[in-house]
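Residue-level structural notes
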Amino acid sequence: EISGSDGPTESELTDDEKEAKVKARCDKLLNNITLSVFNYVRRGLFEADKLTVATLLTLKILVNDGKVDADEVEFLVNGGSSIDPGNMGPLQEWMPESIWAKVKALETLPRFKGFGD
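Now for a quick tour of the structure. Not measured: the values here are computed from a predicted model.

The rules behind these values
- Residues numbered from 1 in each chain as written.
- Predicted model: local features only at pLDDT ≥ 70, side-chain atom pairs only at ≥ 80, totals over all residues.
- Heavy atoms only, no water.
- Helix = DSSP H or I, 4+ residues; strand = E, 2+ residues; numbered from the N terminus.
- Contact = heavy atoms within 4.5 Å.
- Axes fitted to C-alpha atoms, helices over the stretch in contact; angles between N-to-C directions.
- Parallel < 35°, antiparallel > 145°, perpendicular 65-115°, else oblique.
- Left-handed = near helix turned anticlockwise from the far one by under 90°.
- Nonpolar A, V, L, I, M, F, W, Y, C, P; charged D, E, K, R; others polar.
- Patch = residues over 30% accessible without salt bridge, like charges linked within 9 Å, V, L, I, M, F, W, Y side chains within 5 Å.
- Areas by Shrake-Rupley, 256 points an atom, 1.4 Å probe, with all protein chains shown as cover.
- Salt bridge = Lys/Arg side-chain N within 4 Å of Asp/Glu carboxyl O.
- Buried < 20%, exposed > 50% of the residue type's maximum accessible area, 1.4 Å probe, protein only.
- Arc of directions from axis to C-beta.

**So, the environment of Leu-59**
Locating Leu-59 in the fold gives a position in helix 2 (residues 47–64). The spatial distance from the C-alpha of Leu-59 to the C-alpha of Val-73 is 7.0 Å, given a sequence separation of 14 residues. Residue contacts for Leu-59: discarding those within four places in its chain leaves Val-73, Leu-76 and Val-77.

**Things to note about the packing of helix 1 (residues 15–43) against helix 2**
Contact geometry of helix 1 with helix 2 gives a least axis separation of 11 Å together with a crossing angle of 155°. One element, helix 1, and the other, helix 2, form an angle in the roughly antiparallel class. Here helix 1 runs over helix 2; the crossing is right-handed. Contact residues: helix 1 offers Thr-34, Phe-38, Val-41 and Arg-42, while helix 2 offers Lys-50, Val-53, Ala-54, Leu-57 and Ile-61. In terms of residue class, the contact of helix 1 with helix 2 is made up of six nonpolar, one polar and two charged.

**Concerning a nonpolar patch on the surface**
Together, Leu-29, Ile-33, Val-37, Tyr-40 and Val-41 line one region of the surface with nonpolar side chains, adding up to about 510 Å² of accessible area. Summarising the element assignment, Leu-29 is placed in helix 1.

**Remarks on helix 3 (residues 70–78)**
Every buried residue of helix 3 is listed here: Glu-72, Val-73 and Phe-75. The arc that holds every buried residue of helix 3, seen down its axis, measures 160°, which confines them to one face. Facing away from the buried side of helix 3, by more than 90 degrees, are the exposed residues Asp-71 and Asn-78. Against helix 2 and helix 4 (97–106) lie the buried residues of helix 3.

Note that every value here comes from positions in space, so none of it alone points to a role or purpose.
Have a look at this one:
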């Protein structure tokens, strides 16, 4: 024990307080390791590729934290196109068929159900 410390000693902490302390340290470690890895990788990239890598890393972090749905990120990164997009109706006057197929493919995600109707 360090003399003159301000807080309670480790033996005086409750289990919940110990767990919160460990979680806070783990979160801090994770953030520091993530930043270190990003900086290490960034040094080896061309300037044009740095934004792409930063975006992919950010999306992966958001998926791991449960803030963004993995299927939506997959669609955003890889895109998609419906094999049979169906009738465009009045949209054919201004929207290319290739875009309509992508709009219809977007409807496969629960959040975008009925988007192209």
